[in-house]
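# Per-entry structural report
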Amino acid sequence: MLVLFGGVSGASAHAALTSTDPQDGTVLKSAPRQVTLTFSESIGLLDDSFRVLTPENRRVHTGGPSHADGRSDTARVTLPRGLGTGTFTVAWRVVSADSHPISGAFTFSIGQPSPRVAPLPPTGGNPASAALYDIARYAAYCGLALLIGAATFVLACGFPGSVRRLLLTGWWTLLASTFALLLLRGPYERGTGPGEAFDPAILNDTLTSRPGIVLVARLALLAAVAFVPLRAPARDRDPGRGGPVLGGQGGRGGLGGLGVLGVLGGLFSLALAVTWAASEHASAGIQVPVAMVSSVLHLLAMAVWLGGLAALLTALYRPAEPLPAAVVTRFSRLALTSVAVLAATGVYQSWRGLGSWGALTSTSYGRLLLVKLVAVALLLAGAAYSRRWTARLAVTRTPVALPAERVAVAVTVGAPADGDTDAADTAATATAATDTGGGSGGGQGDARPEEREDAQGDGQGDGQGDGQASGPGGTAGHQGLRRSVLAEVTVGILVLVITTMLTGTQPGRAATESAASVAAADRPTSSTTVVPFDVGTPGGHGKVQVELSPGRVGENSVQAVIIGPDGGIATVPELRLTFTQESQKVGPIDAEVTDKGGYWTSDGLTLPLPGTWTMKITVRTTDIDQVTVSKNVKIG
């Protein structure tokens, strides 16, 4: 099951903030000239990407946002002179390369922290705009699934009936939701209310951005497909057999009307799927080309499976139209292929989005994936149950003679109207089925009573002859299939809801990177140790203050000062520092500090292992008086 827990476009995206300059919580001696943010990937800037607030909660007039040194993974804003002293608050909001906005806030102080600090502004954006945008995205997924799935059910599975309403529902749903996404894009990015959706300046910014261009392309595709006829010429259809229609006229080769329609439909579906991949998680992060292909295949497989289920359910609930068993069998095979594609792409997208097994439980994205895994498992269970009913419907029986009594079928004389084409085809099929008993091999009057009883008994079995159609309500097989498909569609709607939530959630890999960068920023940048000493002579006592920077594995700098008995800085003729890790038998490592006139320093101390080190300090106060003291220090 785990191979299926990838979202429709789950990937490592959503840029993570890796550093700020000034750092969060730092105290500066003088006012900085600019604020710079660095992210894990490229980001887009907004007109209002930065808000700098004074301790009195007044907004500072800053310069326009820009990329530092032309790097697309940075954001910078210049600050005016004369900021004053106290604690300043910086609120920021940018757009990830995968089109999702991210935001945050931090503080820094000038001179010293102030008793009053501006409250951190909300960084989550306007909840109404975010909710409406998510609803529009969910509707877009549903419209795509209905449009592609219904078309596939007719063109690839050979369903002879009409899915006009389903196709129109999918087209209108996708069109309306795309318009809504285009209007709500600006407020969603900026975190403002829905009332700004019709602001000309915001709309103009949206139309020139990458997500806006992608949405406009989607609208153009929908406008183009609006001129494609919803049904092919009658000569290209084969309602009697329910055979696949991609091969052209009656499946006898060539590229007929439905064959051309199938090719165009495939290209249209592919182009639609690309508009999703180009604006979601797959468009950013690692291995973008592979991720784009995987996302497109994943989305198409989802649409064929779930949209086809909706079309199958619609056909099963139409008592006036026959549903050939061959159509159900073909869709069952197509659904199995779709599941295989979902599995293959889901494995890759899950790895790309999570990065580690721990992210499954430690991040919101991972927990949503687990919920989707359970839903997909239920969906697969329903699919397996449906295949059992499909197998029963596919069992062929030997044709038997029908009862002697012919069934009168009313046939309208004259050409049917355009809207009645399917009804006329269905009536012709039913007439052909009733006349089967009067063909070669004996007429109706030659059938003996016992033969008629046998024929009637056989006819009440599963209602299926050799590939002939049967009404959905006439057999237990159709009723069982109808119930199982309804359950699949219900769970499929839940899967789409979870998928929509996943596309708006920071992937586990990015969340882990963001948490690591925050932890690194919170980690102390230096450690200070004070060690008292006493050489046993008058005035021969004091303290040694040693600062290690950054106090971690690798290269460190050392600064040491001697504090005399009066609390002031004292000078000594010699100072020596060594570090030893006795548990690993490493050391002593000499820090080789040198006198810089009042303090001792070294930039070449390398500590190779983390853990507890013993720092030994030798202080010589005269030519003959010295003492060695020690203290443990923790190296991270």
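Note that this is a predicted model, so its numbers are computed, not measured. Residue numbers restart at each chain and count upward from 1, following the sequence in its written direction. Predicted model: local features are reported for residues with pLDDT of at least 70 only, side-chain atom pairs are reported and counted for 80 or more only, and whole-chain, interface and lining totals are derived from all residues. Working from all heavy atoms in the structure, the side-chain values ignore hydrogens and water.

Another aspect to go through is the confidence of the model for the protein. Mean pLDDT over the protein: 74, with 72% of residues reaching 70 or higher. The predictor rates its confidence in each residue with pLDDT, a number between 0 and 100. Residues count as neighbours in contact if any of their non-hydrogen atoms are within 4.5 Å of one another. Contacts of residues 1-13 to residues separated by more than four positions or lying in other chains number 66 contacts, the stretch itself having pLDDT below 50. Counted against residues more than four places away or in other chains, residues 396-474, with its pLDDT under 50, gives 71 contacts.

What follows covers helix H7 (residues 325-354). Runs of E in the DSSP output that reach at least two residues are strands. Runs of H or I that reach at least four are helices, and both are numbered from the N terminus. What a helix is expected to span follows from its residue count: subtract one and scale by 1.5 Å. A rise of 1.5 Å per residue sets the reference length of H7, with its 30 residues, at 44 Å; its end C-alpha atoms lie 42 Å apart and thus fit the reference within 8%. Along H7, the helix axis deviates most sharply at Gly346, where the bend reaches about 25°. Note on bend: at a given residue it equals the angle between the axes fitted to the 7 residues ending there and to the 7 starting there.

Candidates for patches are residues over 30% relative accessible area with no salt bridge; among them, like charges are joined within 9 Å and nonpolar side chains (Val, Leu, Ile, Met, Phe, Trp, Tyr) within 5 Å. Residue-level accessible areas treat just the shown protein chains as cover; the underlying method is Shrake-Rupley with a 1.4 Å probe. Here, a salt bridge means any side-chain nitrogen of Lys or Arg that lies within 4 Å of a carboxyl oxygen of Asp or Glu. Where nonpolar side chains cluster on the molecular surface, the patch consists of Val260, Val263, Leu264 and Leu267 and spans about 350 Å² of accessible area. Mapped onto the elements, Val263 comes out in helix H5 (residues 257-277).

Bringing the nonpolar core into the picture now. In this structure, Phe153 and Trp305 are the most contacted members of the largest nonpolar core, which totals 77 residues. With 16 residues, the top contributor of residues to this core is helix H6 (residues 288-316). In contact with Phe153, other than residues within four places in its own chain, are Gly158, Phe159, Gly308, Ala311, Leu312, Ala315, Val327 and Phe331. The next biggest cluster of nonpolar side chains, apart from the first, holds 26 residues, and it includes Val531, Val572, Leu575 and Val633. Among buried residues, those of type Ala, Val, Leu, Ile, Met, Phe, Trp, Tyr and Cys that are joined through side-chain atoms within 4.5 Å constitute a nonpolar core. Residue burial is assigned from relative accessible area. The probe radius is 1.4 Å, only protein chains are included, and a residue is buried under 20% of its type maximum, exposed over 50%, and partly exposed in between.

Residue placement: Ala16 occurs in the segment before strand E1 (17-21). In this structure, the C-alpha to C-alpha distance between Ala16 and Ser96, residues 80 residues apart in sequence, is 8.8 Å.

The next subject is the sheet that holds strand E13 (residues 574-581). Here, any two strands with at least 2 DSSP bridges between them count as paired. If you walk across this open sheet you meet the 4 strands as E14-E13-E17-E18, and the pairing is antiparallel. Of all the strands in the sheet, the pair left with one neighbour each is strand E14 (586-590) and strand E18 (626-635). The sheet shows a mean angle of 20° between the axes of neighbouring strands, taken without regard to direction. Direction of pairing for E13 relative to E14: antiparallel, over a ladder of 3 bridges. Bridge pairing in E14 links Phe579 to Ile589. The axes are straight lines fitted to the C-alpha atoms, using for helices just the contacting stretch, and the angles between their N-to-C directions are given from 0 to 180°.

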